[in-house]
Amino acid sequence: MMKNSWLLVGLLCISILSCKPEPKPEEKPVDVPPTTPVINFNVSGIIPHSTTYFTEGFLVYNGTFLESTGSPEEIKIAESLIATVDMSSGKTEEKIRLDKTKYFGEGIVVINDKLYQLTYQNRIGFIYNAKTFKKEGEFAFNSKEGWGMTTDGKHAIMSDGTSKLTYLLPPDMKAVKSIDVTENGYGLGNLNELEWIKGYIYANIWQSNLIVKIDPSTGKVVGKMDLTSLKNEANATFQYSEVMNGIAYDSVSNKVYVTGKFWPNIYRIEFER
């Protein structure tokens, strides 16, 4: 038994000494945060735009632009109104004017021929007949501020300056759900004017000249467009042009239009979508 035990020990030692250590697996490098795909665009048309319009909402309805504007206290010429804008000439016709001592006009949306308008900090919105512009009612919302609106055809989708988008159900505009918008895993705030285009939400980012493309099923940003070149062009024509804000989609012609606060032009842009 002793002899066999020593033999086993010897064999074990030889086995250990003859074994080479396994090489360490190559360590996986730390992931670099993913970058948002860039959306390139081309300008295919230019339409005049009023340099007195502090644009807050912008859409296409029945072959014309509808535009809502705000009225910062420090800018005396600015009014809170809703106007029609001819899609060829840029000619405007005021349809609705708010008392700017009480209300700051914000985003608009049309659903089933009803025109809904947000106000900035009053936590109320207004409802109009979209064809006659006659006021038909009001609605309340819980967000501290109202910014932009668009629609998926059923809901009004509202931004409030945070990373949250809230779905409101007409006609009473009660909140039924919300999504948090993220880019590369982080919340993306300052979501402003919105537009629904072929199943995605496009949003202006306030204080920038960026538009992001959002997947509404996940809230993730899946594309980004930088329109700084258009902002620079606007400033070259009218030095008081401010940040871009305004996306309108004509589903009939499949055209997209953008503008900004006090911009002298509306641009028709082409991009892959």
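Relevant structure appears above.
Just so you know, these numbers come straight off a predicted model, no measurement behind them.

Draft legend 1. Local environment of the overall build of the chain. Of the regular secondary structure elements, the chain holds two helices and 22 strands. Relative to its full complement of 273 residues, the chain shows a buried share of 49%. Counting contacts in the chain only where the partners sit at least 6 residues apart, residues at least 24 apart contribute 47% of the total. Of the roughly 14600 Å² of accessible surface on the chain, 53% is carried by carbon and sulfur atoms.

Draft legend 2. Focus on the nonpolar core. Counting 18 residues, the largest nonpolar core has Ile211, Met225, Leu227, Leu230, Val258, Ile269 and Phe271 as its most contacted members. Of all the secondary structure elements, the ones that give two or more residues to this core are helix 2 (228-237), strand 20 (244-250), strand 21 (255-260) and strand 22 (265-270). Looking at this core, the element that brings in the most residues is strand 20, giving three residues. Apart from residues lying up to four places away in sequence, Leu230 is in contact with Phe41, Val43, Val258, Trp263, Tyr267 and Ile269.

Draft legend 3. Quick look at the packing of aromatic side chains. Tallying each qualifying case throughout the model produces 13 aromatic pairs. Each ring, one from Phe139 and one from Phe141, has its centre 6.5 Å from the other, and the planes form 50 degrees; the classification is tilted. In this pair, the class of Phe139 matches that of Phe141, namely buried. Linked through ring pairs, Phe54, Phe104, Tyr120 and Phe262 together constitute an aromatic cluster. The ring of Tyr200 has Lys213 sitting right over it, with the charged end atom 4.3 Å from the ring centre. Against the face of Phe271 rests Arg273, its NZ or CZ located 5.2 Å from the ring centre.

Draft legend 4. Quick look at the layout of surface pockets. Empty space within the largest pocket amounts to approximately 490 Å³. Together, 23 residues line the largest pocket, and Val60, Val110, Thr151, Tyr249 and Ser251 are the ones closest to its centre. Elements with a contribution of two residues or more to the lining of the largest pocket: strand 2 (55-61), strand 6 (105-111), strand 10 (149-151), strand 16 (191-197) and strand 20. For the lining of the largest pocket, the per-class residue count stands at 13 nonpolar, seven polar and three charged.

Draft legend 5. Quick peek at the pairing of strand 8 (residues 124-129). Most of strand 8 sits inside the fold, with six of its six residues counted as buried. Of the two faces of strand 8, the one holding Ile124, Phe126 and Tyr128 and the one holding Gly125, Ile127 and Asn129 are both buried throughout. Pairing analysis gives five bridges linking strand 7 (residues 114-119) to strand 8, with the strands arranged antiparallel. Its bridge partner being in strand 8, Lys114 is matched across the sheet by Asn129. Of the strand pairs in this sheet, strand 8 and strand 9 (residues 135-140) are connected by five bridges, and their pairing is antiparallel. The residue of strand 9 that forms the bridge with Ile124 is Ala140. Between strand 8 and strand 9, which pair antiparallel one after the other, the connecting turn spans five residues, and Phe133 there sits at a positive phi close to 65 degrees.

Draft legend 6. Highlighting helix 2. Among the residues of helix 2, those classed as buried are Leu230, Lys231 and Ala234. Within helix 2, the buried residues cover an arc of 105 degrees as seen down the axis, which keeps them to one side. The inward-facing, buried residues of helix 2 abut strand 1 (42-48), strand 21 and strand 22.

Draft legend 7. Representation of the sheet that holds strand 12 (residues 164-169) within the structure. Taken in spatial order, the four strands make up an open sheet running 10-11-12-13, and their pairing is antiparallel. The open sheet is flanked by strand 10 and strand 13 (174-180), the only strands paired with a single partner. Each neighbouring strand pair of the sheet contributes to a mean axis angle of 30 degrees, computed without reference to strand direction.

Draft legend 8. Region of the structure containing the pairing of strand 2. For strand 2, a buried count of seven out of seven residues is recorded, marking the element as mostly surrounded by other parts of the structure. Note: strand 2 against strand 3 (residues 64-69), six bridges, orientation antiparallel. What sits directly across from Tyr61, in strand 3, is Thr64. Hairpin connection from strand 2 to strand 3: two residues lie between these consecutive antiparallel strands, with Asn62 at a positive phi of about 50 degrees.

Scoring rules and cut-offs
- Residues numbered from 1 in each chain as written.
- Predicted model: local features only at pLDDT ≥ 70, side-chain atom pairs only at ≥ 80, totals over all residues.
- Heavy atoms only, no water.
- Helix = DSSP H or I, 4+ residues; strand = E, 2+ residues; numbered from the N terminus.
- Buried < 20%, exposed > 50% of the residue type's maximum accessible area, 1.4 Å probe, protein only.
- Contact = heavy atoms within 4.5 Å.
- Areas by Shrake-Rupley, 256 points an atom, 1.4 Å probe, with all protein chains shown as cover.
- Core = buried A, V, L, I, M, F, W, Y, C linked by side-chain atoms within 4.5 Å.
- Phe/Tyr/Trp six-rings, centres within 6.5 Å; stacked < 30°, edge-to-face > 60°.
- Lys NZ or Arg CZ within 6 Å of the ring centre and 35° of its normal.
- 1 Å grid on protein atoms, 1.4 Å probe; cavity = no way out; pocket = protein on both sides within 12 Å on 5 of 7 lines; lining within 4 Å.
- Points joined across faces, edges and corners; volume = space filled by probe spheres on them.
- Nonpolar A, V, L, I, M, F, W, Y, C, P; charged D, E, K, R; others polar.
- Pairing = 2+ DSSP bridges.
- Arc of directions from axis to C-beta.
- Axes fitted to C-alpha atoms, helices over the stretch in contact; angles between N-to-C directions.

Don't take any of this as a statement about function, it's just geometry.
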